[in-house]
Amino acid sequence: MSKKISIIGSTGSIGTQTLEIVRENEKYEVVALACGRNIRLMESQMREFHPSFVAVADKEAAEELRAATKDLGIPVEYGMDGLVRAAAWETADITVTGIVGMVGIRPTLAAIEAGKDIALANKETLVTAGHLVMKAAREKGVKILPVDSEHSAIFQCLQGNAGNPVSRILLTASGGPFRGKTRGELERVTVEDALKHPNWSMGPKITVDSASMMNKGLEVIEAKWLFDVAPEQIEVLVQPQSIIHSAVEFVDGAVIAQLGTPDMKLPIQYALTWPAREYLPGERLDFTRLSSIILAQPDRETFLGLDFAYKSAKVGGILPTVMNAANEYAVAHFLKKEIRFLEIYDWISYAMDTAPVIPEPSLEDILEEEKAVENRLKEHFLC
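Overview of the structure. None of the values given here were measured: they were computed from a predicted structure.

1. Comments concerning the overall build of the chain
So, point 1. In terms of regular secondary structure, the chain is built from 16 helices and eleven strands.
So, point 2. Here the C-alpha radius of gyration of the chain, 20 Å, is about what a compact globule of 383 residues would show, namely 21 Å.
So, point 3. The 383 residues of the chain split such that 55% are buried.
So, point 4. The long-range fraction of contacts in the chain, counting pairs at least 24 apart against all pairs at least 6 apart in sequence, stands at 68%.
So, point 5. Approximately 16700 Å² of the chain is accessible, and the part contributed by carbon and sulfur atoms is 50%.
So, point 6. Each charge sign in the chain was given a centre, from 40 positive and 53 negative side chains, and these centres are 2 Å apart.

So, in C-alpha cells, the structure goes:
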C-alpha cells in the first residue's frame, strides 16, 4: 500500500528533494502539491506525478497554470484557501511543509486538524505558534516529524531513549559563509556573498538566515517545542564541516550524536519512513578521509541572531513572532539590496524593543502582529 503525500512548497529546495525521493520509490504517491509562482516547474511536477489537487500563490498564477495544464484535468486553486486545502487533502497520509515563512502556520494547523502527520521543514510555524501547534498535535494524535537536518538528528538520537532524562541538546551550526568575519568586515558584504553557503544548497531566505545565525536562533526555539526542553538546555556549537548534525547529552553524561554527509534527503526520507529506515542512494561518510572534526563556540557578539532568539524564547508570548516577522521583513529587503546585511539586526532589535506584551497569543494575535511589525519597521526605517 502506498503512502500518500501532500507537499507544501513543492518547487522549493525541500519540495524538489522530497519529489526526488518519491521518484526513486514506488511506495509513495503524491496526492497534492502547492507552490508560490514557479509555474513552469509546477507544470512539470503535475505532468510527472499527477496529483489530485494543486494550489499556487495567487489568481494570476492559477489562471496561467490552468491554461498550461488543461489537458490534465487537475483542479488548481490559489491563495491561503488553496494552501490550506492542499495541506489537509483528504487522501493524504502525511503533509510535508517545505514552505518558507509564517505563511506556513495556517496550512500546518489545517493538516493537523485533518489528522495528517506532519513532516515539518517550516521552522517559522513552531517559532511563532509552537504552543498552538504542539497542543493541536497532541489533541489529534498527530506526529510532528522534523525535517530540518539538526532537529532530525536530535529526533534520531532520542529513538530508543523514551523516558531517559535529557541534560542538554547540542545543536550544531556550520557557521555559514561569514564564519570568522568581524563586524567591520560584515559592513561590506553583499547579497551574493551571503548566498554562498559553504555546505548546503538552500533557498535564499534560509541561506541569509544562516549567514546571520538567525537560522540557528530559530532552530533553538523550534527545538524547545519539539523536544520539550528549556532554552538554557540548548547549546549551539559551530561545526563547520556539517558532519555532526546535532547531539543529545543525557543525565548520565552520555552523548549520542547523529553524523552523516550534508544531504537533506536523509532527514526528509526518515520523516517519511519513520520508524523504519530504508536504503537511500548517495554519498556515504568516509571517516578515513577526515583529518579532524572542528567544534567551536559561536561568535555571539558579532552574530546577534542567537541572542535575539534566546531572549524571545525565554520571554515567550508574542516576542518570538515579533522577532521572526522582523527578520522575514528585513531579509526580504536585504535580498532586494535595499538595506545592508548588518541592518537586519537593527530592524529585529527595534521590533523587539517596541513589541507589545501578549503572554498567550492566539492565531489571530500572531497574524495581526506580523502585519503590525511590518508597519512599525516601514514607518521607522523606510518613511
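2. Observations concerning the pairing of strand 3 (residues 53-56)
So, point 1. Burial along strand 3 is two-sided: the residues F53 and A55 and V54 and V56 are all buried.
So, point 2. Handedness of the crossover is the feature at issue here: the chain leaves strand 3, passes through helix 3 (residues 59-68), returns alongside strand 4 (residues 76-78), and the resulting connection is right-handed.

3. So, the packing of aromatic side chains
So, point 1. Within this structure, the stated rule accounts for ten aromatic pairs.
So, point 2. Ring geometry for W347 versus F381: centroids 5.1 Å apart, planes at 15°, classification stacked. Of the two residues, W347 sits in helix 15 (residues 343-353) while F381 sits in helix 16 (residues 363-382), which places them 34 residues apart along the sequence.
So, point 3. Its relative accessible area of 1% is what places W347 among the buried residues.
So, point 4. Residue class for F381 comes out partly exposed when judged on its relative accessible area of 29%.
So, point 5. In textbook terms, an aromatic cluster arises when at least three aromatic residues are bridged by ring pairs, as seen for F178, F308, F334, F341 and Y345.
So, point 6. Directly above the aromatic system of Y270 lies the positively charged group of R277, at a separation of 4.5 Å from the ring centroid.

4. Quick look at the side chain of S152
So, point 1. As for its position among the elements, S152 is in helix 7 (residues 149-158).
So, point 2. Residue classification places S152 among the buried residues on the basis of a relative accessible area of 0%.
So, point 3. Ignoring anything within four residues of it in the chain, the contact list for S152 reads P146, V147, P267 and Y270.

5. Side note on helix 4 (residues 79-87)
So, point 1. Of the residues making up helix 4, those classed as buried are G79, G82, L83, A86 and A87. In an axial view of helix 4, the angular spread of the buried residues amounts to 130°, which keeps them on one side of the axis.
So, point 2. Where helix 4 is buried, its residues contact strand 1 (3-8), strand 2 (28-34), strand 3, strand 4, strand 5 (94-97) and helix 5 (105-113).

6. Section: the pairing of strand 9 (residues 234-238)
So, point 1. The element strand 9 is extensively covered by neighbouring structure, given that four of its five residues are classed as buried.
So, point 2. Relative to strand 9, strand 8 (residues 166-173) is paired through five bridges, and the arrangement is parallel. Bridging from a neighbouring strand, T172 pairs with L237 of strand 9.

7. A short note on the nonpolar core
Within soluble globular proteins, side chains that are nonpolar tend to cluster in buried spots.
So, point 1. V54, V56, I144, M323, F341 and I344 are the most contacted members of the largest nonpolar core, which totals 117 residues.
So, point 2. The dominant element in this core, judged by the number of residues it contributes, is helix 14 (residues 319-335), at nine residues.
So, point 3. Not counting residues within four places of it along the chain, the set of residues in contact with M323 comprises V127, M214, L218, I221, F308, A309, S312, I348 and M352.

8. Considering the sheet that holds strand 2
So, point 1. The sheet built from seven strands is open, its strands ordered 4-3-2-1-5-6-7 with parallel pairing. Edge positions in the sheet fall to strand 4 and strand 7 (144-146), since each of these pairs with one other strand and no more. Here the average twist between neighbouring strands, direction ignored, is 25°.
So, point 2. Relative to strand 7, strand 6 (residues 117-120) runs parallel, the two being bridged by three bridges. Directly across from A119, in strand 7, lies its bridge partner L145.
So, point 3. Strands strand 1, strand 2 and strand 5 of the sheet are contacted by helix 1 (residues 13-23), whose axis makes an angle of about 160° with strand 2.
So, point 4. Where helix 3 meets the sheet, its contacts fall on strand 3 and strand 4, and the angle it forms with strand 4 comes to roughly 170°.

9. Considering the sheet that holds strand 9
So, point 1. Spatially, four strands are ordered 9-8-10-11 in an open sheet, and the strand pairing comes out mixed. Lying at the two open borders of the sheet, with one neighbouring strand each, are strand 9 and strand 11 (255-259). The sheet shows a mean angle of 20° between the axes of neighbouring strands, direction not considered.
So, point 2. Sheet strands touched by helix 7: strand 8, strand 10 (244-250) and strand 11. Its angle to strand 10, the strand with the most contacts, is close to 40°.

10. Some thoughts on the environment of Y28
So, point 1. Counting through the fold element by element, Y28 comes out in strand 2.
So, point 2. Given a relative accessible area of 6%, Y28 falls into the buried group.
So, point 3. Taking C-alpha positions, Y28 is 29 Å from A162, a pair spaced 134 residues apart along the chain.

11. Topic: empty space enclosed by the protein
So, point 1. By the definition in use, this model includes one cavity of 30 Å³ or more.
So, point 2. Reported here for the largest cavity is a volume of approximately 60 Å³.
So, point 3. What lines the largest cavity is a set of ten residues, and nearest its centre among them are H245, Q258, D263, L266 and P267.
So, point 4. The set of elements that each furnish at least two residues to the lining of the largest cavity consists of helix 7 and helix 12 (265-273).
So, point 5. Across the lining of the largest cavity, the residue classes break down as three nonpolar, six polar and one charged.

Reading guide: rules and limits
- Residues numbered from 1 in each chain as written.
- Predicted model: local features only at pLDDT ≥ 70, side-chain atom pairs only at ≥ 80, totals over all residues.
- Heavy atoms only, no water.
- Helix = DSSP H or I, 4+ residues; strand = E, 2+ residues; numbered from the N terminus.
- Rg over C-alpha atoms; globule rule 2.2 N^0.38 Å.
- Buried < 20%, exposed > 50% of the residue type's maximum accessible area, 1.4 Å probe, protein only.
- Contact = heavy atoms within 4.5 Å.
- Areas by Shrake-Rupley, 256 points an atom, 1.4 Å probe, with all protein chains shown as cover.
- Lys, Arg positive; Asp, Glu negative; His and termini not counted.
- Charge placed at Lys NZ, Arg CZ, Asp CG, Glu CD.
- Right-handed = clockwise from strand over helix to strand, strands pointing away.
- Phe/Tyr/Trp six-rings, centres within 6.5 Å; stacked < 30°, edge-to-face > 60°.
- Lys NZ or Arg CZ within 6 Å of the ring centre and 35° of its normal.
- Arc of directions from axis to C-beta.
- Pairing = 2+ DSSP bridges.
- Core = buried A, V, L, I, M, F, W, Y, C linked by side-chain atoms within 4.5 Å.
- Axes fitted to C-alpha atoms, helices over the stretch in contact; angles between N-to-C directions.
- 1 Å grid on protein atoms, 1.4 Å probe; cavity = no way out; pocket = protein on both sides within 12 Å on 5 of 7 lines; lining within 4 Å.
- Points joined across faces, edges and corners; volume = space filled by probe spheres on them.
- Nonpolar A, V, L, I, M, F, W, Y, C, P; charged D, E, K, R; others polar.

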